[in-house]
Protein chains: 2
Amino acid sequence: MTRQQLFDKIKEKESFLCVGLDPDWNRLPKHLLDHDDPIFEFNRQIIDATKEYAVAYKPNIAFYEALGSKGWEALEKTIDYLPKNTFRIADAKRADIGNTSNMYAKAFFDQMDFDAITISPYMGQDSVTPFLGHERKWGILLAATSNAGSFDFQDLLVDNNSEKLYERIIRKSADWGNPNNLMYVIGATRVETLISIRRQIPEHFLLIPGVGAQGGDLEQVCKYGLNKQCGLLVNSSRGIIYASDGEDFAEAAAQVAQTLQHQMAGFLSRYLK
Amino acid sequence: MTRQQLFDKIKEKESFLCVGLDPDWNRLPKHLLDHDDPIFEFNRQIIDATKEYAVAYKPNIAFYEALGSKGWEALEKTIDYLPKNTFRIADAKRADIGNTSNMYAKAFFDQMDFDAITISPYMGQDSVTPFLGHERKWGILLAATSNAGSFDFQDLLVDNNSEKLYERIIRKSADWGNPNNLMYVIGATRVETLISIRRQIPEHFLLIPGVGAQGGDLEQVCKYGLNKQCGLLVNSSRGIIYASDGEDFAEAAAQVAQTLQHQMAGFLSRYLK
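The rules behind each value
Residues numbered from 1 in each chain as written. Chains lettered and ligands numbered in written order. Predicted model: local features only at pLDDT ≥ 70, side-chain atom pairs only at ≥ 80, totals over all residues. Heavy atoms only, no water. Helix = DSSP H or I, 4+ residues; strand = E, 2+ residues; numbered from the N terminus. Rg over C-alpha atoms; globule rule 2.2 N^0.38 Å. Buried < 20%, exposed > 50% of the residue type's maximum accessible area, 1.4 Å probe, protein only. Contact = heavy atoms within 4.5 Å. Areas by Shrake-Rupley, 256 points an atom, 1.4 Å probe, with all protein chains shown as cover. Lys, Arg positive; Asp, Glu negative; His and termini not counted. Charge placed at Lys NZ, Arg CZ, Asp CG, Glu CD. Pairing = 2+ DSSP bridges. Axes fitted to C-alpha atoms, helices over the stretch in contact; angles between N-to-C directions. Least-squares fit on C-alpha atoms with pLDDT ≥ 70 in both. Parallel < 35°, antiparallel > 145°, perpendicular 65-115°, else oblique. Left-handed = near helix turned anticlockwise from the far one by under 90°. Nonpolar A, V, L, I, M, F, W, Y, C, P; charged D, E, K, R; others polar. Buried area = accessible area lost by both parts, 1.4 Å probe. Salt bridge = Lys/Arg side-chain N within 4 Å of Asp/Glu carboxyl O. Polar contact = N/O pair within 3.5 Å; in protein donor to acceptor, adjacent residues only side chain to side chain. Expected span 1.5 Å × (residues − 1). Phe/Tyr/Trp six-rings, centres within 6.5 Å; stacked < 30°, edge-to-face > 60°. Lys NZ or Arg CZ within 6 Å of the ring centre and 35° of its normal.

Remarks on the overall build of chain A
A tally of regular secondary structure across chain A gives 12 helices and 10 strands. Computed over C-alpha atoms, the radius of gyration of chain A comes to 18 Å, within 12% of the 19 Å expected from 2.2 N^0.38 for 273 residues, which places it in the range of a compact globule. With the principal axes as the frame, chain A shows a C-alpha extent of 60 × 45 × 35 Å. Counting over 273 residues, chain A shows a buried share of 65%. Long-range pairs, those at least 24 residues apart, make up 73% of the contacts in chain A between residues at least 6 apart in sequence. A total of about 9,800 Å² of accessible surface is found on chain A, and carbon and sulfur atoms cover 45% of it. Across chain A, the mean location of the 30 positive side-chain charges is 6 Å away from that of the 36 negative side-chain charges.

Comments concerning the sheet that holds strand β2 (residues 56-59) of chain A
Sheet strands line up and pair through hydrogen bonds in the backbone, either parallel or antiparallel. Residue and element names in this part refer to chain A. Strand order in this closed barrel of 8 strands is β1-β2-β3-β4-β5-β8-β9-β10, and the pairing throughout is parallel. Each neighbouring strand pair of the sheet contributes to a mean axis angle of 30°, computed without reference to strand direction. Sitting on the sheet, helix α2 (residues 38-50) is in contact with β1 (17-21) and β2, with an inclination near 170° to β1. Sitting on the sheet, helix α8 (residues 165-173) is in contact with β5 (138-144) and β8 (182-186), with an inclination near 155° to β5.

Re the relation of the copies chain B and chain A
Laying chain B over chain A is done by rotating through 180° and shifting 0.0 Å along the axis; what remains is an RMSD of 0.0 Å. Seen this way, the second copy is the image of the first under a two-fold rotation axis. In terms of proximity to the rotation axis, the leading residue of chain B is V158(B), whose C-alpha is 2.2 Å off the axis. Interface overlap between copies: 100% of the residues of chain B at the interface are likewise at the interface in chain A, consistent with a symmetric, same-surface contact.

Brief notes about the packing of helix α2 (residues 38-50) of chain B against helix α12 (residues 249-271) of chain B
All names here are of chain B. Remark: α2 packs on α12, axes separated minimally by 8 Å, with the N-to-C direction vectors making an angle of 40°. In terms of orientation, α2 and α12 fall into the oblique class. Considering the relative orientation of α2 and α12, their crossing is right-handed. Contacts between α2 and α12 involve F42, Q45, I46, A49 and T50 from the former and F249, A250, A253, A254 and A257 from the latter. Counted by class, the contact of α2 with α12 contains 8 nonpolar, 2 polar and no charged residues.

Topic: the interface of chain B and chain A
With 59 residues of chain B in contact, the opposing surface of chain A contributes 59 residues. Regarding the contact of chain B and chain A, the summed buried area is about 5,200 Å², with carbon and sulfur atoms giving 56% of it. Counting the surface chain B buries against chain A, the share from its top three residues, M103(B), Y122(B) and F153(B), is 17%. Inspection of the chain B/chain A interface yields 6 salt bridges. Of the charged contacts in the structure, one is a salt bridge between D152(B) and K172(A), with a shortest N-O distance of 3.4 Å. If you look at where chain B meets chain A, you find 33 residue pairs in polar contact (both at pLDDT 80 or more).

A short note on helix α4 (residues 68-81) of chain B
Taking 1.5 Å per residue as the helical rise, α4(B) with its 14 residues ought to reach 20 Å, and the 20 Å between its terminal C-alpha atoms agrees with that figure. All buried positions along α4(B) are accounted for by G68(B), S69(B), G71(B), W72(B), A74(B), L75(B), E76(B), T78(B) and I79(B).

Side note on the pattern of salt bridges
Taken as a whole and assessed by the stated rule, the structure comprises 46 salt bridges over all chains. The partner of R190(A) in a salt bridge is D155(A), with the nearest N and O atoms 2.9 Å apart. Of this pair, R190(A) sits in the loop between β8 and α9 (191-200) while D155(A) sits in the loop between α7 (150-153) and β6 (157-158), and the two are 35 residues apart along the sequence. The exposure class of R190(A) is buried, given its relative accessible area of 0%. With a closest N to O distance of 2.7 Å, R168(B) and E163(B) form a salt bridge. The exposure classification of R168(B) matches that of E163(B), with both residues buried. A network of salt bridges, in which partner residues are shared, links E41(A), R44(A), D48(A) and K51(A).

Description of the packing of helix α4 (residues 68-81) of chain A against α4(B)
At a minimum axis separation of 9 Å, α4(A) and α4(B) run at an interaxial angle of 170°. Taken together, the axis directions place α4(A) and α4(B) in an arrangement best described as roughly antiparallel. When α4(A) is examined against α4(B), the residues G68(A), S69(A), W72(A), E73(A) and E76(A) are found in contact with a partner set consisting of G68(B), S69(B), W72(B), E73(B) and E76(B). Partitioning the contact of α4(A) with α4(B) into residue classes produces 2 nonpolar, 4 polar and 4 charged.

Observations regarding the packing of aromatic side chains
Evaluated as defined, the whole model comprises 17 aromatic pairs over all chains. Consider the rings of F42(A) and F249(A), whose centres lie 5.2 Å apart with planes at 20°: the pair is stacked. Here F42(A), found in helix α2, pairs with F249(A), found in helix α12 (residues 249-271); they are 207 residues apart in sequence, far enough to count as distant. Note on accessibility: F42(A) and F249(A) belong to one class, buried. Ring geometry for F40(B) against Y81(B): centres 5.9 Å apart, planes inclined by 85°, an arrangement best described as edge-to-face. With F40(B) in helix α2 and Y81(B) in helix α4, this pair connects stretches of sequence that are 41 residues apart. According to the relative accessible area criterion, Y81(B) is partly exposed, its value standing at 31%. An aromatic cluster is built from W72(A), F108(A), F114(A), W72(B), F108(B) and F114(B), whose rings are joined through pairwise contacts. Over the face of the ring belonging to F151(B) we find R190(B), whose NZ or CZ atom lies 4.2 Å from the ring centre.

Below you can see the structure in the form of structure tokens.
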């Protein structure tokens, strides 16, 4: 999917919501466990319930790998089931030497037709660029993540204290790709960084995890993160897919997704002229 | 496998060789393509041919994921086939928020019974520690890798130029685990760093990729890297598994592995008193 196509979809749905498909076997609604493939059935119902409100879906690959080859099959079925006009992100946080990153690109872009994959920057240019040369496909590079441990290394001052590590990573990697094939992960807990990041990269899309059903953080993210082509994909995983653990889990998920979409529609009309 | 068990195995085999099982479909010997599962058949023959000379095996997960659920099945069969007294490393370079890293640990330690998994440090403590709390299991943290891009960020001077990023990562993470559950990846191309790294962490095992059939580099690695319990696992992937692309690929692999093992036996007796 191109940047223009993604922006068109955002305008049409008045939403930049990404739904994280992270199905934890131990948190599945009990009545699904009789199905042949409970993980896929869970995803299928979540997708059906939320597709009106979401422009993107993001399966975190760990939750499938934890189930072995059966989990991998459920992932393949899920990506096939996702509507073709949604933006499909493999949250995989991969990267390896060039030869090997090529194999990961093959896995997620060719074998499974994802639109994008999240990438870890630590191994540098030749581990990242293999994800950037595929038409209408995207690499999404970790920059400032949302977890507590993100401060261990990402905010270290580098080279005579001239900038933080994640700023250096953004600055260097922006030359490896461009706003049409490269996005960045900025945690919703890092709102204070969005102002300077938007100065550095005004055009790139940012994938923002860590927003729940609370509108407060979302407003801050929008205020400092939105650009002329929206430039944001805001993800919610557990807040949506585990909104209820009963038979009404899909309706409950729809309700949370709808609430977020309504808020997003408001922010788009307020900040996006 | 405990550190003592690993060291006992190294002494018994007079080897600290790790064989990288990275089967690229396009490089498989042609006569294997008729098999039901060419990837597994390739691995099976490589394992049989090299197990006398190797103490460890390291499948890089990308090569299996590139083939979808069939690749994942071949990986599961490979790990089941590996002799139980070898050290089995999932070269996966994973790490995510704590909740998700737990899922990866489940995938590789419970679902597949690997002894160790390689980890990317960028997301910090809560992304790494989920791999360190499993009895007889290991996390292997990327520090200074062997690829060209490793210099993009890993060698940046941090905090008033007091140390390099990879040194900071080693120093901080050494407190998250200990020499019985944590190893580090140091590329064979980084021999000059081994002296200072051994000062920082004299006891930890290091996983050294990037050594081919050439004895020169190996000698340098041994001179500066060996410690009282060996403390090294030296990996060769393509140099062994693609030593020949004909029907004699397994014999050719055995020969390269044997040569490396002989060199290692010499270095062990020279440097390990």
